[in-house]
Amino acid sequence: MAVIKKIIRRTLRIANRNPWIIPLFGFVSGAASFLLVERKQEQFAQLISILMLAGWIWLVLENSLKRGISHWFGIKVPRVVLRYVSQLIHQESLFFVIPFFFITTTWNSGQVIFTSLLIIAALISLIDPIYYHWLAPRRWLYFTFHGITLFAALLTALPLIFHLPTSQSYLWALGVAAVLSAPGIARSFSEIWWKRIPIMLLFIVGTFGIGLAARHWIPPASIWLTQVAITDRIDDESRSPNKKFKIITPEQLHQGIYAYTAIHAPRGLRERVYHAWYQDGKQFDRIALDISGGNEDGYRSWSHKKNFPKDAEGNWRIQVETEARQVLGILRFKVVDSKTDSKISDAPKRTLESKPATQTKVERKESISSEPEPSQSSDTSQALDSSESNTSEPAQSEVSSQAEETTPQPN
């Protein structure tokens, strides 16, 4: 017990003398976790995530733990120390998640608002005059700050620890953050206790509704794109695009084009993503692909479309979305009449810069179906990858999803 007391007291003294250590540790641990996930060392990233979430258990059980520490170790924890521990947990969590959200944010979309909000919140947690004299006295604002921080932390940690798909981790993160923040916000109102219950329920329902409506603006913290391309041909051997376009003619379009994406996800995470095709802002089609995490260069997938409207000229974009409608990235191209614009370029303007996928010779397993499903069309979507094998045999590529539609209709 004496040793534990010394460790606790020494830790508090060091943190008090050097307040910059905690946010620095949070940022370093977040960046390290991101790199570990990228290099398929998820077990270490899981450990760091568990330690981070353990701090939130302190906040949830704050009063019980305060009494327990006083009883077990004979240390009376002052209220100012509890407030200080809360600040440290906010700093650690925010600086932990920022590297994940920074890399997964689609910066030419509304997601920049949420990521900027997290960066501002991290800065607020660092500046004591703002945190203690402006934020903390406004209890409803403080617990809103608390809920946003917890939401971001869970959104990052749940897929790493429990391998939850982003659609499930989003709902869990949103629900837990709303439920744990609601009592504090309700207590900030000067109403008698029984009148606070409707306020608390209204806050939970309202937060859940707003969270579902705003999911387009929330980056998926656990998966990201490593390579994208619009092309007319996929190389069979390397499973990579042959040419890359940003401008194409209607003739090229009607011959069929591929939307190619390589998607990085943690090992063990199985995810369904969608290629949503838009013409001049109007959704034309949405094609599903199933991917698996664990490949260093990203799980290579593409959707192939042949059926387009006759009047196909205009600005096209393909949004890569999760099942929760969170946007992973956007591919853009333009269809122009070759008679009016002869400057057709093969060089793409990429949505993001990324390293090329490793060219691995693979064996391909074909999944052939005698007749298409009723809800499917003549366009194809394929998720193929060459994952590493522990044996000496060559890695194989599997058709994870194959959709055939006969009559696509614009949405």
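In case you missed it, the structure is sitting above this.
Residues numbered from 1 in each chain as written. Predicted model: local features only at pLDDT ≥ 70, side-chain atom pairs only at ≥ 80, totals over all residues. Heavy atoms only, no water.

Considering the pattern of salt bridges
Two side chains that carry opposite charge are able to pair once their charged atoms sit near each other.
Here's step 1: Applying the stated criterion across every chain, the model contains four salt bridges.
Here's step 2: Glu321 is the salt-bridge partner of Arg286, the closest N and O atoms lying 3.1 Å from each other. With Arg286 in strand E7 (residues 282–292) and Glu321 in strand E9 (residues 314–322), this residue pair connects regions lying 35 residues apart in the sequence.
Here's step 3: One salt bridge in this structure joins Arg325 and Glu321, with 3.8 Å as the shortest N-O distance.
Here's step 4: Sharing partners across several salt bridges, the network here consists of Arg286, Glu321 and Arg325. (Salt bridge = Lys/Arg side-chain N within 4 Å of Asp/Glu carboxyl O. Helix = DSSP H or I, 4+ residues; strand = E, 2+ residues; numbered from the N terminus.)

So, the packing of helix H9 (residues 166–187) against helix H10 (residues 193–213)
Here's step 1: At their nearest, the axes of H9 and H10 sit 9 Å apart, and the two run at 150 degrees to each other. Here H9 is positioned roughly antiparallel relative to H10, judged by the angle of their axes. By crossing handedness, the relation of H9 to H10 is classed as right-handed. The segment H9 lies against H10, with Tyr170, Leu171, Leu174, Gly175, Ala178, Val179, Ser181, Ala182, Pro183, Ile185, Ala186 and Arg187 engaging Arg196, Ile199, Met200, Phe203, Ile204, Thr207, Phe208, Gly211 and Leu212.
Here's step 2: For the contact of H9 with H10, a count of residues per class yields 15 nonpolar, four polar and two charged. (Axes fitted to C-alpha atoms, helices over the stretch in contact; angles between N-to-C directions. Parallel < 35°, antiparallel > 145°, perpendicular 65-115°, else oblique. Left-handed = near helix turned anticlockwise from the far one by under 90°. Contact = heavy atoms within 4.5 Å. Nonpolar A, V, L, I, M, F, W, Y, C, P; charged D, E, K, R; others polar.)

Digging into the packing of aromatic side chains
Here's step 1: Counted under the stated rule, the structure contains 15 aromatic pairs.
Here's step 2: Each ring, one from Tyr131 and one from Tyr142, has its centre 6.2 Å from the other, and the planes form 75 degrees; the classification is edge-to-face. On the criterion of sequence distance, the pair formed by Tyr131 in helix H7 (residues 128–135) and Tyr142 in helix H8 (residues 139–162) is long-range, its members being eleven residues apart.
Here's step 3: Since its relative accessible area comes to 9%, Tyr142 is described here as buried.
Here's step 4: An aromatic cluster is present here, built from Tyr131, Tyr132, Tyr142, Phe143 and Phe145 joined pairwise through their rings.
Here's step 5: The ring of Phe308 carries Lys305 above its face, with NZ or CZ at 5.4 Å from the centroid.
Here's step 6: Over the face of the ring belonging to Tyr278 we find Arg317, whose NZ or CZ atom lies 4.0 Å from the ring centre. (Phe/Tyr/Trp six-rings, centres within 6.5 Å; stacked < 30°, edge-to-face > 60°. Buried < 20%, exposed > 50% of the residue type's maximum accessible area, 1.4 Å probe, protein only. Lys NZ or Arg CZ within 6 Å of the ring centre and 35° of its normal.)

Details of a nonpolar patch on the surface
Here's step 1: A cluster of nonpolar side chains, Phe102, Trp107, Ile119, Leu123, Leu126, Ile127, Ile130 and Trp134, forms an exposed patch at the surface whose accessible area comes to about 710 Å².
Here's step 2: Put simply, the parts of the chain that give the nonpolar patch at least two residues each are helix H6 (111–126) and H7.
Here's step 3: When residues in the nonpolar patch are grouped by element, the largest group, three residues, is from H6.
Here's step 4: Relative to the helices and strands, Ile119 is located in helix H6.
Here's step 5: With relative accessibility at 30%, the residue Ile119 sits in the partly exposed group. (Patch = residues over 30% accessible without salt bridge, like charges linked within 9 Å, V, L, I, M, F, W, Y side chains within 5 Å. Areas by Shrake-Rupley, 256 points an atom, 1.4 Å probe, with all protein chains shown as cover.)

Remarks on the pairing of E7
Here's step 1: Pairing geometry for strand E6 (residues 270–279) and E7, over ten bridges, is antiparallel. The residue of E7 that forms the bridge with Trp277 is Asp285.
Here's step 2: With antiparallel pairing between neighbouring strands as the criterion, E6 and E7 make up a hairpin whose turn holds two residues, including Asp280 at a positive phi of roughly 50 degrees. (Pairing = 2+ DSSP bridges.)

Focus on the packing of H7 against H8
Here's step 1: Look at H7 against H8: their axes get within 9 Å of each other, and the N-to-C directions meet at 130 degrees. Considered as vectors, H7 and H8 are oriented oblique to each other. Judged by residue contacts, Tyr131, Trp134 and Leu135 of H7 engage Leu141, Tyr142 and Phe145 from H8.
Here's step 2: Grouping the amino acids of the contact of H7 with H8 by side-chain chemistry returns six nonpolar, no polar and no charged.

Some remarks on H9
Here's step 1: Its 22 residues place the ends of H9 32 Å apart at the C-alpha level, agreeing with the 32 Å of an ideal helix rising 1.5 Å per residue.
Here's step 2: A maximum bend of about 30 degrees is found in H9 at Ser181, where proline Pro183 lies one to four positions downstream. (Expected span 1.5 Å × (residues − 1). Bend = angle between axes of the 7 residues up to and from the residue.)

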